[in-house]
Amino acid sequence: MPIFFMMVLGFLLHEKTPLLNDSFAGYLNTFVFQIALPTQLFKNLSESDFYTVWDGGVVVFCFAVSLLSILLMFGVSQMLRDRSQRAEFIQAGYRGSQALLGTAIMQNMYGEAGPLALVLIGAVPLYNVAAVVILTLMAPDGGHLDRKTLGKTVRGVATNPIILSIAIGLLWSLFKIPQPVIMQRAVSSLAATATPLGLLALGASIDPKKAAGCWKPAVVSSIFKLFVFAVLFLPLAVWLGWRGEVLTAVLLMLSSPTTVSCFSMARSMGHEGTISSSAVMLTTVCSAFSFTGWLYLLKTFALI
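Rules of the game
- Residues numbered from 1 in each chain as written.
- Predicted model: local features only at pLDDT ≥ 70, side-chain atom pairs only at ≥ 80, totals over all residues.
- Heavy atoms only, no water.
- Helix = DSSP H or I, 4+ residues; strand = E, 2+ residues; numbered from the N terminus.
- Rg over C-alpha atoms; globule rule 2.2 N^0.38 Å.
- Buried < 20%, exposed > 50% of the residue type's maximum accessible area, 1.4 Å probe, protein only.
- Areas by Shrake-Rupley, 256 points an atom, 1.4 Å probe, with all protein chains shown as cover.
- Lys, Arg positive; Asp, Glu negative; His and termini not counted.
- Charge placed at Lys NZ, Arg CZ, Asp CG, Glu CD.
- Patch = residues over 30% accessible without salt bridge, like charges linked within 9 Å, V, L, I, M, F, W, Y side chains within 5 Å.
- Salt bridge = Lys/Arg side-chain N within 4 Å of Asp/Glu carboxyl O.
- Axes fitted to C-alpha atoms, helices over the stretch in contact; angles between N-to-C directions.
- Parallel < 35°, antiparallel > 145°, perpendicular 65-115°, else oblique.
- Left-handed = near helix turned anticlockwise from the far one by under 90°.
- Contact = heavy atoms within 4.5 Å.
- Nonpolar A, V, L, I, M, F, W, Y, C, P; charged D, E, K, R; others polar.
- Core = buried A, V, L, I, M, F, W, Y, C linked by side-chain atoms within 4.5 Å.
- pLDDT = per-residue confidence, 0-100.
- Phe/Tyr/Trp six-rings, centres within 6.5 Å; stacked < 30°, edge-to-face > 60°.

Caption draft 1: Representation of the overall build of the chain in the model. In terms of helices and strands, the chain carries 15 helices and 0 strands. Here the C-alpha radius of gyration of the chain, 19 Å, is about what a compact globule of 304 residues would show, namely 19 Å. Taking the principal axes of its C-alpha atoms as reference, the chain extends roughly 55 × 50 × 45 Å. Residues classed as buried in the chain amount to 52% of the 304 residues present. Accessible surface, the chain: about 14300 Å² in total, of which carbon and sulfur atoms supply 69%. If the 19 positive side-chain charges of the chain are averaged to one point and the 13 negative ones to another, these points end up 3 Å apart.

In structure tokens, the structure reads:
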């Protein structure tokens, strides 16, 4: 609920005051994803023990589950009569905001992001590549993939600040590179801005007026994002023996709300963006209750 209230504050500042207008919210979101959040992930990983943090099984599991989720959403999308809605429907259903909200929740529960970095390694590159492929091939004007688009996608994944910060943080931890006090304090101060500023920007990005446009596909994709994937794959994670922080990180991948970048990417690639924005709003608001329910269920069975 504290996380949800921060998003509500961002929404109110955007709607009721000139302090957090669209332009400022956009810059704030860019700052969080390109600087503050990567710094936070670097801090958490560089200060941890590499051999304790790293688990290749978690990375492989997250990649495989993400791929299956994308394929499932693609299959379900074939039932939509309006072909122009299918790409947004698919992306809104599988692409979560575990980087931002996941980090906030993990810090709120455990004091650090911990295994969430492994989830991001397994899922984020695939999320980005799949989004470009789907939005291009299923564009309203009949798009197609070419060498330039593929090259841009690969460069985008390779230079993703979140992926780079995780890689640098893991290497820093692996080689046990010391950090001067000045660096530690500067990194800590910058990292501390990621969660509050990110949540404010996320709240400011919610537009209830756009939600009425395509509410049926938005509701269905939201149900998949918040519930269906967790029902399908969370028992498998439990069966594999994961508990505590690792299981919470996996749950975040499976049931975190749709990321705001879905809307930005859809619009930039020629799609209307209504389903994306509606799914972002619905999943963000409902996640305050759905994710709490999932945590309560795991806690009841002594899994976290």
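Caption draft 2: A nonpolar patch on the surface, seen in detail. A cluster of nonpolar residues, F63, L67, L68 and L71, forms a patch on the protein surface that exposes about 360 Å² of accessible area. With respect to the secondary-structure elements, L68 resides in helix α4 (residues 56-77).

Caption draft 3: Seen up close, the packing of helix α1 (residues 2-16) against helix α11 (residues 194-204). Following both chains from N to C, one finds α1 and α11 inclined at 55°, their axes separated by 6 Å at the closest point. Put simply, α1 runs oblique to α11. Relative to α11, the crossing made by α1 is right-handed. Counting all contacts with α1, which are made through I3, M6, M7, L9, G10, F11, L13 and H14, the residues of α11 involved are P196, L199, L200, L202, G203 and A204. Its residues assigned to classes, the contact of α1 with α11 comprises 11 nonpolar, 3 polar and no charged.

Caption draft 4: Highlighting the nonpolar core. Membership of the largest hydrophobic core comes to 75 residues, with the highest contact counts inside it found for Y94 and L254. With 14 residues, helix α7 (residues 116-137) is the largest single contributor of residues to this core. The contacts of L254, once residues within four sequence positions are left out, are V65, K225, F229, A230, F233 and L234. L20, L28, L200 and A204 belong to the second-largest nonpolar core, a separate cluster that totals 6 residues.

Caption draft 5: Fine view of the confidence of the model for the chain. Here the chain averages 86 in pLDDT, and 96% of its residues register 70 or above. Of all the helices and strands in the chain, helix α14 (residues 261-268) carries the lowest mean pLDDT, 75, while α4 carries the highest, 95.

Caption draft 6: Layout of the packing of aromatic side chains. Per the stated rule, a full pass over the model turns up 5 aromatic pairs. Taking the centre distance of 6.3 Å and the plane angle of 5° together, the rings of F50 and W54 count as stacked. Looking at W54, the relative accessible area reads 36%, which means it is partly exposed.

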